[in-house]
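Analysis of the macromolecular model
What follows is the residue order along each chain.
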Amino acid sequence: MKYKEWLNEWLEYYVKPRAKYRTYTNYKHQIDKHISVKLGEFELEELSALELQRFVIGLSNLGLSSNTVNGIINILKNSLRLAVSVGKVSKQYTDLIQRPKTREKPVDCFNMSEQKRIETYVKEKNIPKLYGIIICLYTGLRLGELLSLEWADVDLSKRLIIVSKTCRDSWQNGSYVKIIDTTKTECSERIVVFPKQLVPIFKYMRQHSNSNFVIDGKSKYGAEVRSYQRTFERILKKLNIEHKGFHSLRHTFATRALECGMDVKTLSVTLGHKNPTITLKRYAHSMVEHRSEMMNRIGKLLG
């Protein structure tokens, strides 16, 4: 049996029924673009350790990120291990694959001056849906989590946000539609405690809301992802702030939280990370301004 034939069966009968739609489409994309092109014509028994390693090295030489290469390796592992389990092949060699070195990309966050300019703009405009930007700056919510948030998920008296879903835009019948989905990972499903300073903001938004969703929009499911991203991009342009993606608000929250002395475990739970090591590795090096201030304090000992 050719590997591409098994990949089609694996996707249809083992991945599609259980995985999130986004995971399924990502797997299919990587299979169609990379795996089937280079390995698809091989018989399953012909996929030796050397052939698999040669393929992985080729991916790295294409300039693909280590995360993308690791994702493709996971597809190889999962599909070929199952092929052995169901008797399609007698042996597989994915455990011998040497993964590329991974380097954590520097996070892109706003400095304190930029953050305050963004906050001032939102407050001066006083448009309810724009306050979602400030909510993300002080809770670390992802954009999909913010835009899928319903009023039933917000407890103002206890200052809690229940994060139980996310959303995405999907191209259907010639236009984008908003799809409500489960959270990114199991750890992403969490309860976020928000600062008391956000309570009046939430109350103002609730008073002016005609939707079940915190961020109102044209859709019955509230604002759409791409529309809100474009709104944020326009704000940065008006403020003459260098373009950064909406996700930078989450990075900014995490950086400010560490600078304010929040312990890594609390921050990790708030962000919905699997463990504190991920949080520390991702954000500890982003505190340039804070480190500079701390070093200047030490320098004062010189007199």
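Quick note: structure is the one above.
Structural notes, computed from the coordinates. This one's a predicted model, so the numbers in the text were calculated from it and none came from an experiment. (Residues numbered from 1 in each chain as written. Predicted model: local features only at pLDDT ≥ 70, side-chain atom pairs only at ≥ 80, totals over all residues. Heavy atoms only, no water.)

1. Some thoughts on a positive patch on the surface
Counted only if it meets this: Excluding any residue in a salt bridge, patches collect residues exceeding 30% relative accessible area, merging like charges within 9 Å and nonpolar Val, Leu, Ile, Met, Phe, Trp and Tyr side chains within 5 Å. Accessibility throughout is a Shrake-Rupley quantity obtained with a 1.4 Å probe, and a residue counts as covered only by protein chains that appear here. A pairing counts as a salt bridge when a side-chain nitrogen of Lys or Arg comes within 4 Å of a carboxyl oxygen of Asp or Glu. His is not counted, nor are the chain ends, whereas Lys and Arg count as positive and Asp and Glu as negative. Where a charge lies is defined by one atom per residue type: Lys uses NZ, Arg uses CZ, Asp uses CG and Glu uses CD. Runs of E in the DSSP output that reach at least two residues are strands. Runs of H or I that reach at least four are helices, and both are numbered from the N terminus. Buried means the residue's accessible area, taken with a 1.4 Å probe over protein chains only, is under 20% of the maximum for its type, while exposed means over 50%, and partly exposed covers the values in between.
A cluster of basic side chains, namely Lys-125, Lys-129, Lys-218, Arg-230, Arg-234 and Lys-238, defines a positive patch on the protein surface. The element that contributes the greatest number of residues to the positive patch is helix α9 (residues 225–238), accounting for 3 residues. One can find Arg-230 in helix α9. Judged by relative accessible area, Arg-230 falls into the partly exposed class, the value being 38%.

2. Focus: the packing of aromatic side chains
Note the threshold: Pairing of aromatic side chains requires ring centres within 6.5 Å, counting the rings of Phe and Tyr and the six-membered ring of Trp. Pairs whose planes differ by under 30 degrees are stacked, by over 60 edge-to-face, and all others tilted.
Under the counting rule described, the total for this entry stands at 8 aromatic pairs. Seen in terms of ring centroids, Trp-10 and Tyr-27 are 5.7 Å apart; in terms of plane orientation they differ by 15°. Their pairing is stacked. With Trp-10 in helix α1 (residues 3–15) and Tyr-27 in helix α2 (residues 21–39), this pair connects stretches of sequence that are 17 residues apart. According to the relative accessible area criterion, Trp-10 is buried, its value standing at 4%.

3. Considering unusual backbone geometry
The residue Arg-159 is not glycine, and still its phi comes out positive at about 60°. Tracing the backbone through its elements, the reader meets Arg-159 in the loop between β1 (154–155) and β2 (160–163).

4. Examining the layout of surface pockets
Counted only if it meets this: Each cavity reported here is a set of points on a 1 Å grid over the protein atoms alone in which a 1.4 Å probe fits but cannot get out, each pocket an open set with protein on both sides within 12 Å along at least five of seven lines, and each lining residue one with an atom within 4 Å of a point. Grid points are joined across faces, edges and corners, and a volume is the space filled by probe spheres set on the points.
The volume enclosed by the second largest pocket comes to roughly 290 Å³. If you trace the second largest pocket, you find 15 residues lining it, with Tyr-138, Pro-195, Phe-253, Ala-257 and Met-262 closest to the centre. Elements supplying a minimum of two residues to the lining of the second largest pocket: β5 (190–193), α10 (248–259) and α11 (264–271). The element that contributes the greatest number of residues to the lining of the second largest pocket is α10, accounting for 3 residues.

5. Section: the side chain of Ser-79
As a reminder, the rule being used: Throughout this description, a polar contact denotes any pair of N or O atoms lying within 3.5 Å of each other; where both atoms belong to protein, one of them has to be capable of donating a hydrogen while the other can accept it, and for residues adjacent in sequence the pair is counted only when both atoms sit in side chains. Residue contacts follow a heavy-atom distance rule, with two residues in contact if any of their heavy atoms lie within 4.5 Å.
In this fold, Ser-79 is placed in helix α4 (residues 66–85). Exposure remark for Ser-79: the relative accessible area of 0% places this residue in the buried category. A distance of 2.8 Å separates a polar atom in the side chain of Ser-79 from a polar atom in the side chain of Tyr-3. Sequence-distant contacts of Ser-79, that is, excluding residues within four places in its chain, are made with Tyr-3, Trp-6, Leu-7 and Trp-10.

6. Re the environment of Thr-255
Looking at where Thr-255 falls in the secondary structure, it is placed in helix α10. With 40 residues separating them along the chain, Thr-255 and Met-295 place their C-alpha atoms 17 Å apart.

7. Quick look at the packing of α11 against helix α12 (residues 276–283)
Worth spelling out the cut-off: Angles shown run from 0 to 180 degrees and are taken between the N-to-C directions of axes, each axis being a line fitted to C-alpha atoms and, for helices, limited to the stretch in contact. Roughly parallel here means an angle under 35 degrees, roughly antiparallel means over 145, roughly perpendicular means 65 to 115, and every remaining angle is called oblique. Here the term charged refers only to Asp, Glu, Lys and Arg, the term nonpolar to Ala, Val, Leu, Ile, Met, Phe, Trp, Tyr, Cys and Pro, and the term polar to all other amino acids, Gly among them.
Where α11 contacts α12, the two axes come as close as 8 Å, and the packing angle between them is 100°. With respect to each other, α11 and α12 are oriented roughly perpendicular. Together, Val-264, Lys-265, Leu-267, Ser-268 and Leu-271 of α11 and Pro-276, Thr-279, Leu-280 and Tyr-283 of α12 make up the contact between the two elements. A per-class count over the contact of α11 with α12 returns 6 nonpolar, 2 polar and 1 charged.

8. Regarding the sheet that holds β1
Our working definition: The pairing criterion is simple: DSSP has to find at least two bridges between the two strands.
A sheet is described by the order of its strands in space; here 3 strands give the open sequence β1-β2-β5, paired in antiparallel fashion. In this open sheet, the two edge strands, each paired with only one partner strand, are β1 and β5. Of the pairings in the sheet, the one linking β2 to β5 comprises 4 bridges and is antiparallel in character. Within the sheet, the bridge partner assigned to Leu-160 lies in β5 and is Val-193.

9. Here we look at the nonpolar core
Basically, it comes down to this: Joining through side-chain atoms within 4.5 Å is the link that ties buried Ala, Val, Leu, Ile, Met, Phe, Trp, Tyr and Cys residues into a set, and such a set is a nonpolar core.
By size, the foremost hydrophobic cluster in this structure holds 40 residues, and its most contacted members are Ile-133, Leu-146, Leu-147, Phe-202, Tyr-228 and Phe-246. When contributions to this core are tallied by element, the ones reaching two or more residues are α5 (112–125), α6 (131–137), α7 (143–147), β2, α8 (199–207) and α9. Sort the elements by how many residues they give to this core and α6 lands first, with 6 residues. With residues up to four places along the chain from it excluded, the contact list for Tyr-228 reads Lys-129, Leu-130, Gly-132, Ile-133, Leu-143, Leu-146, Leu-147, Ile-215, Ala-223 and Phe-246. Ranked by size, the runner-up nonpolar core spans 26 residues in total, among them Ile-35, Leu-47, Leu-59 and Ala-83.

10. Re the packing of α1 against α2
In the contact formed by α1 and α2, the axes pass within 10 Å of each other and the chain directions differ by 170°. One finds that α1 runs roughly antiparallel with respect to α2. Where α1 approaches α2, its residues Tyr-3, Lys-4, Leu-7, Trp-10, Leu-11, Glu-12 and Val-15 are matched on the opposing element by Tyr-24, Tyr-27, Lys-28, Ile-31, Ile-35, Ser-36 and Leu-39. Across the contact of α1 with α2, the residue classes break down as 10 nonpolar, 1 polar and 3 charged.

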